[in-house]
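For reference, the chains in residue letters:
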Amino acid sequence: DHAGEVLLMPNEFIPLAHRANVYYLISQIMIKHAIEFAKQHDVVVTINISISDINNKRTCDYLFAKIKKSGLGHLIQFELLENEAIFEPDLIIEMIDKLHELGCQFGMDDLGKGHSNIERLINLPIDFVKIDRTIMENVLQNQEMQNLARGIVELAHKKDLEVVAEYCSDAELTTMAVDLGVDYLQGFYLGEPRPTIF
């Protein structure tokens, strides 16, 4: 709202949008705003994309047309959400290849959670992965989680992929993420969500 308060969380309205068959409109609005923001501030913007988006011709046609017209593919990244299984990998690969042709990068969100697994890391032509917060929030207390995170980083780097560590919430966890060898950090210790970037 005008005071900056959250009125409704995405996990509440996204399922409703799917049931009402208007989810593609939300995706189009987010794509439009992301491209405008990247252009206005000359910064890289990351857009979450779902299997439902990739399977929707209207969304894909809109996406390709907007990026091509803007000429800003080099400023746009996409993260594949982990909440849906992949039944047609060829369709995903075709989508990623088209986005690469436009200069975009494509990555996997929340590796280690839900459907976002090592098989996707190995088989999809992605550029980066994000280690899920459920792993990162436990690396300080749990040696197995720490080994898992380190293994993800090593495997990703062998495939020349960059790695982002989510949930860098304090100095100790951020230092651990750096020690694990990740390339980028994300979390409240570095900055909290806000209406503007400056």
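Everything that follows concerns the structure shown earlier in this document.
Residues numbered from 1 in each chain as written. Predicted model: local features only at pLDDT ≥ 70, side-chain atom pairs only at ≥ 80, totals over all residues. Heavy atoms only, no water.

Caption draft 1: Looking closely at the pairing of strand β3 (residues 105–111). β3 sits mainly inside the fold: 6 of its 7 residues count as buried. Sheet topology note: the strand β2 (residues 76–80)/β3 ladder contains 4 bridges and is parallel. Paired with Leu80 across the bridge in β3 is Met108. Of the crossover connections in this fold, the one passing from β2 over helix α5 (residues 89–101) to the parallel β3 is right-handed. (Buried < 20%, exposed > 50% of the residue type's maximum accessible area, 1.4 Å probe, protein only. Helix = DSSP H or I, 4+ residues; strand = E, 2+ residues; numbered from the N terminus. Pairing = 2+ DSSP bridges. Right-handed = clockwise from strand over helix to strand, strands pointing away.)

Caption draft 2: Inspection of a nonpolar patch on the surface at higher detail. Among the surface-exposed residues, Val178, Leu185, Tyr189 and Leu190 lie close enough to one another that they form a single nonpolar patch of about 360 Å² accessible area. Tracing the backbone shows Tyr189 in the segment after β6 (184–185). (Patch = residues over 30% accessible without salt bridge, like charges linked within 9 Å, V, L, I, M, F, W, Y side chains within 5 Å. Areas by Shrake-Rupley, 256 points an atom, 1.4 Å probe, with all protein chains shown as cover. Salt bridge = Lys/Arg side-chain N within 4 Å of Asp/Glu carboxyl O.)

Caption draft 3: Quick look at helix α2 (residues 23–41). In this model, α2 (19 residues) spans 27 Å end to end at C-alpha, consistent with the 27 Å of a helix rising 1.5 Å per residue. Those residues of α2 not exposed but buried are Tyr23, Tyr24, Ser27, Gln28, Ile31, Ala34, Ile35 and Ala38. Looking straight down α2, one finds its buried side chains confined to an arc of 145°; they lie on one side. Immediately downstream of α2, the backbone of Asp42 shows phi near 50°, a positive value. (Expected span 1.5 Å × (residues − 1). Arc of directions from axis to C-beta.)

Caption draft 4: Summary view of the sheet that holds strand β5 (residues 162–165). Here 6 strands make up an open sheet; going across it, the order is β1-β2-β3-β4-β5-β6 and the pairing parallel. Of all the strands in the sheet, just β1 (45–49) and β6 have a single pairing partner and so form its edges. Of the pairings in the sheet, the one linking β3 to strand β4 (residues 128–131) comprises 3 bridges and is parallel in character. The residue bridging Gly107 from the neighbouring strand is Phe128, located in β4. This element, α2, spans β1 and β2 of the sheet and lies at about 170° to β1. (Contact = heavy atoms within 4.5 Å. Axes fitted to C-alpha atoms, helices over the stretch in contact; angles between N-to-C directions.)

Caption draft 5: How the structure looks around helix α4 (residues 57–70). Here α4 contains 14 residues, and its C-alpha end-to-end distance of 20 Å stays within 8% of the 20 Å for a straight helix at 1.5 Å per residue. Buried within α4 are the following residues: Thr59, Cys60, Leu63, Phe64 and Ile67. Considered in projection along α4, the buried side chains sweep an arc of 125° and stay on one side of the axis. Summarising the geometry of α4, the exposed residues directed more than 90 degrees from the buried face are Lys57 and Lys69. Looking at the buried residues of α4, the elements they touch are α2, β1, α3 (51–54), β2 and α5.

Caption draft 6: Seen up close, the environment of Asp90. Looking at the secondary structure, you find Asp90 in helix α5. Judged by relative accessible area, Asp90 falls into the exposed class, the value being 62%. For the pair formed by Asp90 and Leu124, sequence separation is 34 residues and the distance between their alpha carbons is 9.3 Å.

Caption draft 7: Focus on the nonpolar core. Grouped together as the largest cluster of nonpolar side chains are 47 residues, with contacts concentrated most on Phe78, Leu99, Phe106, Val129 and Ile131. Val129 has contacts with Met108, Leu111, Leu121, Ala156, Leu161, Glu162, Val163 and Val164, leaving out every residue within four places of it along the chain. (Core = buried A, V, L, I, M, F, W, Y, C linked by side-chain atoms within 4.5 Å.)

Caption draft 8: Summary view of the environment of Leu111. Mapped onto the elements, Leu111 comes out in strand β3. The exposure class assigned to Leu111 is buried, which follows from its relative accessible area of 0%.

Caption draft 9: Spatial organisation of the packing of α2 against α4. Between α2 and α4, the least distance of the axes is 10 Å, while the angle of their chain directions is 10°. Relative to α4, the element α2 is oriented roughly parallel. Note on element contacts: α4 touches α2 through Arg58, Thr59, Tyr62, Leu63, Lys66, Ile67 and Ser70, opposite Tyr24, Ser27, Gln28, Ile31, Lys32 and Ile35. Here the residues of the contact of α2 with α4 are counted per class, giving 6 nonpolar, 4 polar and 3 charged. (Parallel < 35°, antiparallel > 145°, perpendicular 65-115°, else oblique. Nonpolar A, V, L, I, M, F, W, Y, C, P; charged D, E, K, R; others polar.)

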